[in-house]
Amino acid sequence: MYKYFVIIFMIAITTSAQADYIFELASEYEVEDESWQAICLDAGYFNDDAYPDFAVAYFYAIGEDAYLYTFLGNGDCTFSVMPTEIFDFPLGSITVNDFDNDGYDDLLIGEGYAGGGGGLYHELLVHMYKGNGDGSFTELDTLHVMNVWVTSGDLNDDGNNDLVVSGFESGSFVVSIKLGNGDFTFQETASYETYPILHTVQIIGDMNLDGNIDIGVLCSTGYNGIQFLYGNGEGTFQPWVGVGGYFPCGPSYCFLDAGDFNEDGVLDFVATCGEIVADYDVVFLWDGDEYIRSDSLTGIGEWVEVEDFNLDGHLDIAISTILGSIVYPGYGNGSFSHGADSLLFLTTEYDTYGMISEDFDLDGDFDLIICEHSYSQPDYIRCYGNTTINLGVEEHESGSISDLLLEVSPNPFSSSVTVSASGFFSNPSDLQIFDLSGRLVSEIEPVFNGSEAVYHWNGRSASGAELPDGIYSARLSSNDSSAGVMLLKLE
């Protein structure tokens, strides 16, 4: 089905720190020199060294070869590259997760494809590749389901990863749900009709605060172009509802990502428009009755990542565009910087067609992997390391330096962590702990020790439930000042 070949040229470079920029180029890898139409990537853990890895898929056109590159993290924003796999089937989307609960992430490859000048291919097969634990994969079987886009996650909280597939079925555009059994098999469950799907489907989190995971869909229609399927908790979903009003999708990939942008305890979201259209990439906030537009970013966005990149306690938005990638710093009120502050976060030299964020060097801040291309240059995979931790975190509130200072010990932590605050003029608030989706998971009261306020967190939710390993954001405020810090919970 596929064969191997070695990447033609690969380099890894380390640049000197630039104090003006949050991100610096840490490594780059030359791949192909075609003008690739579909570029999909996802991160995971493909071996047992605890460093994040990622996979990248390239696909040009029907009848052409497709390529899969697997990058194994070295823990320092450089990567070892596995022999590249060439496939003779279309390669439109990939999703990475542990589908057989053996501790190693696996890979699903959907043959469908959307984007690249408006192309739309509904293909029948999703290929299932088991992770072998050494960065290689073995194809087990195929799922027969029409697909344009495939994604995965635990929809019913049973510990097994499930599939969400957009495609065409029985004359209708649908989102299909396949619940995982934890052994690389899946149950046939319901499909949910939507408006015509041109782009992607994402698992976006608990948008309506009912404790259940919800799904977002980007469609080809302008009105109701963004649709939500609200989850019932056991892997079934309610019929679609249109949110955000008029939102046209452009000729390339469009994506959704969620986060609490105005810090009111309710998830908001950002939607990208897919290259050049008459509208913009838009931030939507929940106002208690509906989602309203809060901020417009670029008009040419594709891939999007939401993280607190500069560790100031406010979520930021990174967007890849055909003119380069931009990171918009968030103010915590639903608006984002469009000025010089954005340029100081990240500037890229080439067109960008794919983006993911992970803490690839395990230093507590989020790095970026970006697929970049210029018509006069080959395609590159570039890793931009986040220098926030290395340069020291400056806490900001609407652009001004905060008086609050936070110290954390230990970080990373396994069972408990202590956050000490100083520099406040009146008693500070409770320490709020948020997960990566922006959901408030715990609030900790202070214990005062002289001029310090000390917060002890046991890594559990407000209800006492053990929280999974990962990165959490801790936020504190006092008078007109605020501060934030990232906490890394590991076994």
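Below is a summary of the structure that appears in this document. Just so we're clear, the structure is a prediction, and the values are computed from it rather than from any experiment. (Residues numbered from 1 in each chain as written. Predicted model: local features only at pLDDT ≥ 70, side-chain atom pairs only at ≥ 80, totals over all residues. Heavy atoms only, no water.)

When you go through the protein residue by residue, the secondary structure sums to two helices and 41 strands. The burial tally for the protein puts 58% of its 491 residues in the buried class. For the protein, long-range pairs separated by at least 24 residues make up 51% of all intrachain contacts whose partners lie at least 6 apart in sequence. Working note: accessible area of the protein is about 18,600 Å², and carbon and sulfur atoms make up 49% of it. (Helix = DSSP H or I, 4+ residues; strand = E, 2+ residues; numbered from the N terminus. Buried < 20%, exposed > 50% of the residue type's maximum accessible area, 1.4 Å probe, protein only. Contact = heavy atoms within 4.5 Å. Areas by Shrake-Rupley, 256 points an atom, 1.4 Å probe, with all protein chains shown as cover.)

Pairing in this open sheet of four strands is antiparallel, and the strands run 8-9-12-13 from one edge to the other. The outermost strands of the open sheet, each flanked by one partner alone, are strand 8 (93–97) and strand 13 (137–147). In this sheet, neighbouring strand axes are inclined to one another by 20° on average, regardless of whether the strands run parallel or antiparallel. (Pairing = 2+ DSSP bridges. Axes fitted to C-alpha atoms, helices over the stretch in contact; angles between N-to-C directions.)

Residues Leu124, Met146 and Phe168 make up a contiguous nonpolar surface patch of about 230 Å² in total accessible area. Among the secondary structure elements, Phe168 is positioned in strand 15 (residues 162–169). (Patch = residues over 30% accessible without salt bridge, like charges linked within 9 Å, V, L, I, M, F, W, Y side chains within 5 Å. Salt bridge = Lys/Arg side-chain N within 4 Å of Asp/Glu carboxyl O.)

We now examine the pairing of strand 24 (residues 282–286). For strand 24, the tally of buried residues reaches four of five residues, placing the bulk of the element in the interior. Note that strand 23 (residues 268–271) and strand 24 share three bridges and pair antiparallel. From the neighbouring strand, Val270 faces strand 24, where its bridge partner is Val283. As judged from the five bridges shared by strand 24 and strand 25 (residues 291–296), these two strands associate in the antiparallel manner. Bridge assignment links Leu285 to a residue of strand 25, and that residue is Ile292.

Before going further, it helps to spend a moment on the pattern of salt bridges. Oppositely charged side chains can pair when the atoms bearing their charge come close. The full count for this structure, using the stated rule, is seven salt bridges. A salt bridge links Asp100 to Lys130; its shortest N-O distance comes to 2.6 Å. One end of the pair, Asp100, is in the loop between strand 8 and strand 9 (106–110); the other, Lys130, is in strand 12 (residues 123–131), with 30 residues separating them in the sequence. Residue Asp100 is classed as buried on the basis of its relative accessible area, which comes to 16%. Residue Lys130 is classed as partly exposed on the basis of its relative accessible area of 24%.

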